[in-house]
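# Residue-level structure breakdown
Next come the chains, spelled out residue by residue.
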Amino acid sequence: MRFLLILCFWTCFLIENHKCTPEHDQVLSITAKTEEEVNILRNVSSEYETVLWQPAAPSYITANKEVHLFVPASSLVTVKDLLNKQHISHQVLLQNTQELIEKQTANVSSDPRSSMSYYERYHPLEDIYLWINRTTHQYPDMVQPILIGSSFEKRPLWVLKLSGKRGNQPKRAMWIDCGIHAREWISHAFCLWFVQYSVDFYNQIPDMTEILDSMDIYVLPVMNPDGYKYTWTKNRMWRKNRSKHPGNYCTGTDLNRNFDANWCTMGSSHRSCDDTYCGLFPESEPEAEAVANFLRSHKHDMKLYLSIHSYSQMLLFPYSCSYQEAANHNELNEMAKEAAMNIRRYYRNQYKYGAGAKTIYLAPGGSDDWAYNLGIEYSFTFELQDMGRYGFLLPPELISKACNEALTAVKTIALKVSRKT
Ligand code: ARG
Ligand code: ZN
């Protein structure tokens with residue numbers, strides 16, 4: 001019987017492979033060599049049932065830059081055929097994404113939070129809410145929950161305020177948000193890692209003590225809870241939030257295109273079905289509005305803004321919404337450079353750094369540019385691991401290294417900022 005099945009499969013595969021659906025969803029790495037190939041690639045990524053991993057939108061595709069394209073099993077043969085016919089070079093980056101997704105979602109809800117291994121796994125939204133609750137109860141003198149608003153689907157947006165136990169003088173503050181983009185799971189993992197590291201190593205590691213004694217740290221572990229939930233239950237590749245606006249055909253706005261920084265100009269999309277859809281107007285999304293309101297009300301003490309994304313290993317700073325240079329460009333560049341150096345020194349990993357627009361692409365409406373223009377002079381977006389080996393499907397075994405190196409960058413920059421007079 002088994003033999004017959006195999007025989008049948010192979011005959012079908014050999015005779016007419018168009019009718020055989022491959023079993024696995026894959027991620028292809030594709031590099032266009034000419035403008036013509038760029039156009040074909042843009043079409044493939046928008047016309048077929050695929051999801052662009054890198055870059056974030058078809059318009060960003062350029063010649064000689066690697067494109068990472070998620071292709072579901074159902075369109076794999078068509079897409080590969082088309083690439084072959086056009087002689088566009090490509091290779092399979094991930095040949096079975098389902099397997100990797102299973103690794104990322106395996107044994108999530110076992111065991112108490114105290115064991116370190118909790119932080120070396122990914123957690124569904126409900127578990128993160130439980131974690132927030134437990135952490136605030138376990139460390140009441142250091143961790144305080146603040147409700148800053150709710151998502152489109154009315155889920156709470158919890159910020160954890162971390163503070164050292166010394167020094168009552170008026171303090172500066174810094175902000176970290178994770179999970180603006182739903183599918184970037186290492187980002188959410190980082191916020192959890194960071195909070196636990198802070199409470200564990202306050203009074204143990206001098207840098208951490210100094211940072212927490214001189215700045216309050218506001219951490220938003222899940223900025224896009226509806227999207228994150230959706231990646232666990234419906235579509236692992238989802239990026240945007242889950243808002244539905246009257247008149248829009250598709251669901252979801254890119255929260256990192258919804259801020260008031262050259263909003264909805266080139267580098268974002270007016271079309272609701274696109275992954276870089278900018279929304280109806282700046283802060284049309286409750287998630288973006290809640291963050292903007294909170295930062296506005298803390299703008300006098302807020303010195304540092306950090307937004308955690310993945311993937312591509314980059315430390316970016318304003319501007320992304322234009323090619324203009326930030327007033328303190330050199331200072332931002334020095335900070336990013338030192339952070340990248342430390343990552344290289346301690347973790348032997350390469351991070352690129354620079355102004356967003358010049359380092360990756362023009363991307364208006366981002367939270368970092370908006371926060372910078374609000375007056376938060378030190379503003380960064382981190383793109384964590386990896387470079388595309390696993391992309392968004394970074395296996396749990398790699399969480400600890402990814403978080404530790406990002407932590408090095410955060411500490412480097414936070415320390416510099418906290419020492420400014
Ligand atoms: N990958 C991120 C995005 O496309 C980069 C963010 C950089 N900052 C920005 N304001 N666009 O959203
Ligand atoms: Zn992102």
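See above for the structure.
What this report covers is the structure whose coordinates are included nearby. Note that the coordinates shown come from a computational prediction; the quantities given were computed from them, not determined experimentally.

The rules behind the values
- Residues numbered from 1 in each chain as written.
- Chains lettered and ligands numbered in written order.
- Predicted model: local features only at pLDDT ≥ 70, side-chain atom pairs only at ≥ 80, totals over all residues.
- Heavy atoms only, no water.
- Helix = DSSP H or I, 4+ residues; strand = E, 2+ residues; numbered from the N terminus.
- Rg over C-alpha atoms; globule rule 2.2 N^0.38 Å.
- Buried < 20%, exposed > 50% of the residue type's maximum accessible area, 1.4 Å probe, protein only.
- Contact = heavy atoms within 4.5 Å.
- Lys, Arg positive; Asp, Glu negative; His and termini not counted.
- Charge placed at Lys NZ, Arg CZ, Asp CG, Glu CD.
- Near = heavy atom within 4 Å.
- Polar contact = N/O pair within 3.5 Å; in protein donor to acceptor, adjacent residues only side chain to side chain.
- 1 Å grid on protein atoms, 1.4 Å probe; cavity = no way out; pocket = protein on both sides within 12 Å on 5 of 7 lines; lining within 4 Å.
- Sits in = over half its atoms within 2 Å of the grid points.
- Pairing = 2+ DSSP bridges.
- Axes fitted to C-alpha atoms, helices over the stretch in contact; angles between N-to-C directions.
- Donors = N, O, S within 2.8 Å, 3.2 Å for Na, K, Ca; no water.
- Tetrahedral: all angles 85-135°; square planar, octahedral: opposite > 155°, others 65-115°.
- Parallel < 35°, antiparallel > 145°, perpendicular 65-115°, else oblique.
- Disulfide = S-S within 2.5 Å.
- Salt bridge = Lys/Arg side-chain N within 4 Å of Asp/Glu carboxyl O.

### Overview of the overall build of the protein
Within the protein one finds 13 helices and 12 strands. In terms of overall size, the protein behaves like a compact globule, its C-alpha atoms giving a radius of gyration of 22 Å where 421 residues would be expected to give roughly 22 Å. In terms of principal-axis extent, the alpha carbons of the protein reach across some 75 × 50 × 50 Å. Burial analysis of the protein (421 residues in total) assigns 58% to the buried set. Contacts spanning at least 24 positions in sequence make up 75% of the contacts within the protein whose residues lie at least 6 apart. Across the protein, the 43 positively charged side chains and the 46 negatively charged ones have centroids separated by 3 Å.

### With respect to the site of ligand 1
The environment of ligand 1 is made up of 13 residues, and the closest members are Asn256, Arg257, Tyr361, Asp368 and Glu383. At 3.5 Å, a side-chain N or O of Arg239 approaches an oxygen atom of ligand 1. Interatomic distance of 3.2 Å between a backbone N/O atom of Ala363 and a nitrogen atom of ligand 1. When each cavity is represented as a set of grid points, ligand 1 is found to reside in the largest pocket.

### Comments concerning the sheet that holds strand S4 (residues 90-94)
An order of S2-S3-S1-S4 is seen for the four strands of this open sheet, with the pairing classed as antiparallel. Every other strand in the sheet has two partners, leaving strand S2 (51-54) and S4 as the edge strands with one partner each. Going from strand to strand, the sheet's axes swing by 35° on average, the running direction of each strand aside. Here strand S1 (residues 26-31) runs beside strand S3 (residues 66-71); their pairing, made up of six bridges, is antiparallel. Note that in S3 the partner of Ser29 across the bridge is His68. Against the sheet, helix H2 (residues 35-47) touches S1, S2 and S3, its axis set at about 25° to S3.

### Digging into the coordination of the zinc ion (ligand 2)
The protein atoms that coordinate the zinc ion (ligand 2) are His181 (ND1), Glu184 (OE), Glu184 (OE) and His309 (ND1), at distances spanning 2.0 to 2.4 Å. Here the zinc ion (ligand 2) is ringed by four donor atoms whose angles at the metal span 57 to 148°, and the overall shape comes out irregular. Motif for the zinc ion (ligand 2), donor spacing along one chain: H-x2-E-x124-H. Residue Glu184 is found in the loop between strand S7 (172-178) and helix H6 (185-201), and its partner His309 is found in strand S9 (residues 302-310); the two are separated by 125 residues along the sequence. On the accessibility criterion, His309 (1% relative accessible area) is buried.

### Section: the packing of H6 against helix H7 (residues 206-214)
Where H6 meets H7, the axes come as close as 9 Å, and the angle between the chain directions of the two elements is 100°. In terms of orientation, H6 and H7 fall into the roughly perpendicular class. Here H6 contributes Phe194, Tyr197, Ser198 and Phe201 to the contact with H7, which in turn contributes Met208, Thr209 and Leu212.

### Remarks on the sheet that holds strand S11 (residues 352-355)
Either a parallel or an antiparallel arrangement is found when strands of a sheet pair, and the pairing is made through backbone hydrogen bonds. With respect to topology, eight strands assemble into an open sheet ordered S5-S6-S8-S7-S9-S12-S10-S11, the strand pairing being mixed. Here the strands that pair on one side only, and so sit at the sheet edges, are strand S5 (143-150) and S11. Between one strand axis and the next, the sheet turns by 20° as a mean value, whatever way the strands run. Helix H13 (residues 399-418) contacts S7, strand S8 (215-220), S9, strand S10 (314-317) and strand S12 (378-384) of the sheet and is inclined by roughly 175° relative to S12.

### Re the environment of Tyr372
By the element assignment, Tyr372 lies in helix H12 (residues 367-374). In this structure the C-alpha to C-alpha distance between Tyr372 and Tyr319, which are 53 residues apart in sequence, comes to 8.7 Å. Not counting the four nearest positions on each side in its chain, Tyr372 is found in contact with Pro318, Tyr319, Ala326, Ala327, Asn328, Leu332, Glu377 and Ser379.

### Section: the state of the cysteines
For the coordinates displayed, the defined rule picks out three disulfides. The disulfide partner of Cys250 is Cys273, and the gap between their sulfur atoms is 2.0 Å. Measuring handedness by torsion sign, the sulfur bridge of Cys250 and Cys273 sits at about 80° and is right-handed. Taken as a pair, Cys250 in the loop between helix H8 (225-233) and helix H9 (286-297) and Cys273 in the loop between H8 and H9 lie far apart in primary sequence, 23 residues in all. Bridging Cys264 to Cys278, the disulfide has an S-S length of 2.0 Å. Taking the sign of the torsion about the S-S bond as the criterion, the disulfide between Cys264 and Cys278, at about -65°, is left-handed. Taken together, the positions of Cys264 in the loop between H8 and H9 and Cys278 in the loop between H8 and H9 put the pair 14 residues apart, joining distant regions of the chain. The exposure class assigned to Cys278 is buried, which follows from its relative accessible area of 0%. Residue Cys321 stays outside any disulfide, its sulfur separated by 13 Å from that of Cys264, the closest cysteine.

### Thoughts on the pattern of salt bridges
Side chains carrying opposite charge are able to pair once their charged atoms draw close together. For the structure on display, the rule yields 17 salt bridges. Between Glu283 and Arg296 there is a salt bridge, with its nearest N and O atoms 2.8 Å apart. Of this pair, Glu283 sits in the loop between H8 and H9 while Arg296 sits in helix H9, and the two are 13 residues apart along the sequence. Taking the shortest distance from any N to any O, the salt bridge between Glu338 and Lys416 comes out at 2.9 Å. Taken together, the positions of Glu338 in helix H10 (residues 329-347) and Lys416 in helix H13 put the pair 78 residues apart, joining distant regions of the chain. For Lys416, a relative accessible area of 37% gives the class partly exposed.

### Digging into unusual backbone geometry
Negative phi is the rule for most residues except glycine; trans is the rule for most peptide bonds. Following Ser310, the chain continues into Tyr311 via a peptide bond in cis, with omega recorded as -5°. Residue placement: Tyr311 occurs in the loop between S9 and S10. Cis rather than trans, the peptide bond between Gln385 and Asp386 has omega equal to 0°. Tracing the backbone shows Asp386 in the loop between S12 and H13. Of note, Lys154 is a non-glycine position whose phi angle comes to about 70°, a positive value. Turning to its location among the elements, Lys154 is positioned in the loop between S5 and strand S6 (156-162). Of note in the backbone geometry, Cys264 takes a positive phi value of approximately 60° without being a glycine. You can call Cys264 buried: its relative accessible area is 10%.

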